[in-house]
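Structural overview for review
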Amino acid sequence: MSEFIQLVIAGLTTGSFYALVALGYTMVYGIVRLINFAHGDIFMVGAFLGWTVLTTLAATHMPWGIGLLIALILSMILTGGLGVAVERFAYQPLLSAPPLSILITALGVSLALENGVLLIFGPGFNTYPQLIGSAGFVLGGAHITFIQVGIIILSFLLMAGLYLFVHHTFIGTAMRALAVDRDAARLMGINVERVIQITFFLGSSLAAVAGVMEGLYYTEINFFMGFIVGLRAFTAAVLGGIGNIPGAMAGGLLIGLLEAFSAGYISSRWTDVIVFLVLIGTLVVKPTGLFGERVVERM
Amino acid sequence: MIKPILYAALPLLLAVGAASASAADTIKIGVPVPLSGPYAAAGTDILNAAKLAADDINASGGVLGKKIDIMAEDDGCDAQMGVQAAQKMIDGGVAVVAGGYCSGAGLPELIALHRAGVPFILDAQTNPKLTSMGFNNVFRTIGRDDEQGPFAAKFMSGYLHAKKVAVINDNTVYSKGLADNTVSALKKDGVDVVYDDSVTPGQMDYSAVLSHVASLDPQVIDYTGYFAEAGLMAKEAAALHLKPQLMGGDATQDPTLIKTAGAAANGWICTTAPLPQFLTGAKQFVTDFTKKYGTAPGPYSPYEYDAIEIAAKAVKDAGSTDPSKVIASLHTIKDYKGLTGNITFNSAGDRTVAVYITVIVKDQAFAPYVKLNAAGQWVPVQ
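Nothing here was measured: the structure is a model prediction, and the numbers come from that model.

Section: the overall build of chain B
Check the secondary structure of chain B and you find 12 helices and 15 strands. Expected size for 382 residues packed as a compact globule is a radius of gyration near 21 Å; at 22 Å, chain B falls within 12% of this value. Along the first, second and third principal axes, the C-alpha set of chain B runs to 70 × 45 × 40 Å. Here chain B, with 382 residues, has 54% of them falling under the buried criterion.

Below is the structure:
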């Protein structure tokens, strides 16, 4: 029983990272029908920006709680800005081009970001300061750390916040309108470019939160870290139904749990096989993914 | 493919021929190391050790009344460049070749040198294959990849008194090979291997695997992969309050492990060929090297220093720079007192006693731990 709880906690923690990154994939796809392959690398840049701010602030002997908050917020703003810049310079000119062109551009952006970080920060591992130890509590024989609980709660709050934003604000309504029909939305007086930029900003800053939390939790970051997380998060978005926000959350958590259970009860080697078998099985039964609905009902 | 190589080699042959005439009063020792590409730094550390050894020998009168001349060639850690480097050294009239960094370049170099009948002393190439081809011209001052596994197994059963052990690898050639060698040696020692499986490197979260492994109740968890994942495992195991002793192979001995795991790294043990700072005989060498080059010696520098010293001794014993006579005299090297301990070669050319030690993370720094002495007892590394 204690092992089961332990695996659930491990799965929910990694699942939270996947879910936060998956939201970026799903929001962008919902609105511009683009699979933004650079999103995993945006997550990686978020982790590096947070690291830069944190290590700079560490020299000023600021209380670490405040330093962490500043690092988180700065990383969210800057990474969000990076997302908007990528959209403005790489994707916007291609929005009306054939889908393949923009897909290739996304791959190019991914390579540019990875190699940019490689050139600036080097190929080795950078490590976050050891701010949060492994303090925690025991539940049913399983050891749970406060940072795990913090990660899970923060991701749930962000996901709930995003859901409310999309469903109860003017911009959120505009985003959903774009998802249904971009041209019709434009005819209704919606500033389409602005809404797309806000979508990229939100998706990228959520990825930045995931990046900084990943840095704090696992301490080591490197330029290639966005690849595996990006791949899993994209899988999560497809599993949940790409374009669907609750679907991305559910998909992320489900993949985290699947990974933990297959590593714990079967073998770590089989993790990918099991995750993708579940994905294929789901898509065979329900081609739109778990939460995917008719195209009109995206977001 | 033969033609371009011939054309490329032609001007070199001419140049080398012209040079060797004027240099007949020196004894040439070839050092093929990567001096370009990603491993250039490691290659330079090895070459500097070779130069230091040559300077030391020359300062005390040289060999057979002649000075030692180090002939460095860039092999770029690449098989093709390695063949060219070996050919240049053969044409340059070397008595011995001693050095190198990558097994991948070392193998074709060895084949070329074997054909030319030139002895080759390896200082860093640990792949077992190099000394398993039945060549009589190959010698090695460092241990083999397949010797570390049995050493690790002996450490677990003999020093840690483990009855149940879990071995985790990352499915790379090095890691899987080390794990296989460790597991078979553990079984031979009567230890119960409760877990032997691989994880995916780069996955970050190993707490699921670790909590499963812990439920099998091993006394030791041995991770044979690299430092990045080892650091994460140390950190995650501490958060799970796991009791087993954690340890790993030489690839886990890297400061990143400690930076990643912080205080949780304390107590992590690595099996490794001793780094210069942990070699009792190498204290003077470390001082001299640091003074001369402004940086601390690399992990393989003392092995290269020993390789050059042994090459010089073999030439002296043979009384000739004729490579075939040098090979014969290298086979008679016995109990040579080098920086890295006593060196005797077996018939394959490997050291009869491979030197491995364990290091432990103490107060968030690597510190020497224990080693096996000649009597088979575990003693602290000074």
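Looking at the sheet that holds strand β15 (residues 378-380) of chain B
Strands in a sheet are paired, the pairing made by backbone hydrogen bonds, and the direction either parallel or antiparallel. All names here are of chain B. Pairing is mixed in the open sheet, where eight strands are placed in the order β7-β6-β8-β9-β10-β13-β14-β15. With partners counted over all chains shown, the strands left at the sheet margins are β7 (192-198) and β15, one partner each. Geometrically, the sheet is characterised by an average inter-axis angle of 25° between neighbouring strands, direction not taken into account. Bridge count for strand β9 (residues 245-248) against strand β10 (residues 269-272) is two bridges, and the pairing is parallel. Looking at β10, one finds that Gly248 is bridged to Cys270. Relative to the sheet, helix α8 (residues 227-239) contacts β8 (220-223) and β9, its axis offset from that of β9 by approximately 175°.

A look at the pairing of β10(B)
Along any regular strand, the residues point their side chains to alternate faces of the sheet. Residues and elements named next belong to chain B. Of the two faces of β10, the one carrying Ile269 and Thr271 and the one carrying Cys270 and Thr272 are both buried. Bridge count between β10 and strand β13 (residues 357-362): four bridges; the pairing is antiparallel. Residue Thr271 lies in a different strand from β13, and its bridge partner there is Thr358.

So, the packing of helix α2 (residues 39-58) of chain A against helix α8 (residues 192-218) of chain A
Think of two packed helices as two axes; the pair is described by the angle between the axes and how far apart they sit. Residues and elements named next belong to chain A. Here α2 crosses α8 at 55°, and the two axes come no closer than 7 Å. Classified by the angle between their axes, α2 and α8 sit oblique to one another. By crossing handedness, the relation of α2 to α8 is classed as right-handed. Here His39, Ile42, Phe43, Met44, Gly46, Ala47, Leu49, Gly50 and Trp51 of α2 come into contact with α8, specifically with Gly203, Ser204, Ala207, Ala208, Ala210, Gly211, Val212, Glu214 and Gly215. For the contact of α2 with α8, the class distribution of residues is 10 nonpolar, seven polar and one charged.

Looking at unusual backbone geometry
Residues and elements named next belong to chain B. Positive phi values are uncommon outside glycine, yet Cys77 reaches one of about 60°. Tracing the backbone shows Cys77 in the loop between β2 (67-74) and α3 (79-91). Here His161, not a glycine, exhibits a phi torsion of approximately 50°, which is positive. Within the fold, His161 resides in the loop between α5 (145-159) and β6 (164-169).

A word on the environment of Asp288(B)
By secondary structure assignment, the location of Asp288(B) is in helix α10 (residues 283-293). When the C-alpha atoms of Asp288(B) and Leu52(B) are compared, they prove to be 8.3 Å apart, with 236 residues separating the residues in sequence.

Structural notes on the domain arrangement of chain B
Once the domains are mapped, chain B shows domain 1 (2-143 + 279-343) and domain 2 (146-272 + 356-380). With centres defined by C-alpha atoms, the gap from domain 1 of chain B to domain 2 of chain B works out at 34 Å.

Let's talk about the interface of chain A and chain B
With 23 residues of chain A at the interface, the matching set in chain B holds 27 residues. Mapped onto the side of chain A that touches chain B, the elements with two or more residues apiece are α1 (2-32), β3 (142-145) and α10 (245-266) of chain A. Examining the composition of the side of chain A that touches chain B, we find that five residues originate from one element, α1(A), more than from any other. Residue composition of the side of chain A that touches chain B, grouped by class: seven nonpolar, 13 polar and three charged.

Examining the environment of Val209(A)
All names here are of chain A. Position of Val209 among the secondary structure elements: in helix α8. Residue class for Val209 comes out buried when judged on the 24 C-beta atoms lying within 10 Å of it. C-alpha of Val209 to C-alpha of Thr13: the two residues are 196 residues apart in sequence and 14 Å apart in space. In this structure Val209 touches Leu20, Leu72, Met76 and Leu158, once residues within four positions along its chain are discounted.

Focus: helix α12 (residues 323-330) of chain B
All names here are of chain B. Along α12, the residues that are buried comprise Pro323, Val326, Ile327 and Leu330. In a view along the axis of α12, the buried residues occupy a sector of 105°, so they form one face of it. Where α12 is buried, its residues touch β3 (96-98), β5 (138-140) and α11 (301-318).

Thoughts on the nonpolar core
Counting 213 residues, the largest nonpolar core has Ile29(B), Val96(B), Ala234(B) and Ala311(B) as the members making the most contacts within it. At 17 residues, α1(A) tops the list of elements feeding residues into this core. In contact with Ile29(B), not counting residues within four places along its chain, are Ile68(B), Ile70(B), Met71(B), Val94(B), Ala95(B), Val96(B), Ala98(B), Ile308(B) and Ala311(B).

Focus: the sheet that holds β3(B)
Residues and elements named next belong to chain B. Across the sheet, five strands lie side by side as β2-β1-β3-β4-β5; this open sheet has parallel pairing. The sheet is open, and its two borders are formed by β2 and β5, each paired with just one other strand. Neighbour-to-neighbour, the strand axes of the sheet open up by a mean angle of 25°, direction not taken into account. Along the sheet, helix α4 (residues 103-116) contacts β1 (26-33), β3, β4 (120-122) and β5; its crossing angle with β4, the most-contacted strand, is approximately 160°.

Some words on the packing of helix α9 (residues 225-240) of chain A against helix α11 (residues 271-285) of chain A
Residue and element names in this part refer to chain A. For the pair α9 and α11, the least separation of the axes is 9 Å and the interaxial angle reads 25°. Put simply, α9 runs roughly parallel to α11. Seen along the crossing, α9 lies across α11 with a hand that is left-handed. Within the contact between the two elements, α9 uses Thr235, Val238 and Leu239 and α11 uses Val275, Leu279 and Thr282.

Structural notes on helix α6 (residues 170-180) of chain A
Residues and elements named next belong to chain A. Along α6, the residues that are buried comprise Ala174, Met175, Leu178 and Ala179. The arc that holds every buried residue of α6, seen down its axis, measures 145°, which confines them to one face. On its buried side, α6 packs onto α1, α5 (146-168), α7 (182-187) and α8.

Looking at the pairing of strand β14 (residues 365-372) of chain B
Residue and element names in this part refer to chain B. Here five bridges tie β13 to β14, and the two strands are oriented antiparallel to one another. When the bridges of β14 are listed, Lys362 appears paired with Ala365. Once β13 ends, the chain turns through two residues before running back antiparallel as β14, passing Asp363 with a positive phi of about 45°. Sheet analysis places β14 next to β15, joined by three bridges and oriented antiparallel. Along β15, the bridge assignment pairs Val370 with Pro380. Remark: five residues form the turn of the hairpin made by β14 and β15, two consecutive strands paired antiparallel; Gly376 in that turn has positive phi of roughly 80°.

Procedures and definitions
- Residues numbered from 1 in each chain as written.
- Chains lettered and ligands numbered in written order.
- Predicted model: local features only at pLDDT ≥ 70, side-chain atom pairs only at ≥ 80, totals over all residues.
- Helix = DSSP H or I, 4+ residues; strand = E, 2+ residues; numbered from the N terminus.
- Rg over C-alpha atoms; globule rule 2.2 N^0.38 Å.
- Buried ≥ 20, exposed ≤ 12 C-beta atoms within 10 Å, placed from the backbone.
- Pairing = 2+ DSSP bridges.
- Axes fitted to C-alpha atoms, helices over the stretch in contact; angles between N-to-C directions.
- Contact = placed C-beta atoms within 7 Å.
- Parallel < 35°, antiparallel > 145°, perpendicular 65-115°, else oblique.
- Left-handed = near helix turned anticlockwise from the far one by under 90°.
- Nonpolar A, V, L, I, M, F, W, Y, C, P; charged D, E, K, R; others polar.
- Domains from an automatic or database assignment.
- Arc of directions from axis to C-beta.
- Core = buried A, V, L, I, M, F, W, Y, C linked by C-beta atoms within 7 Å.

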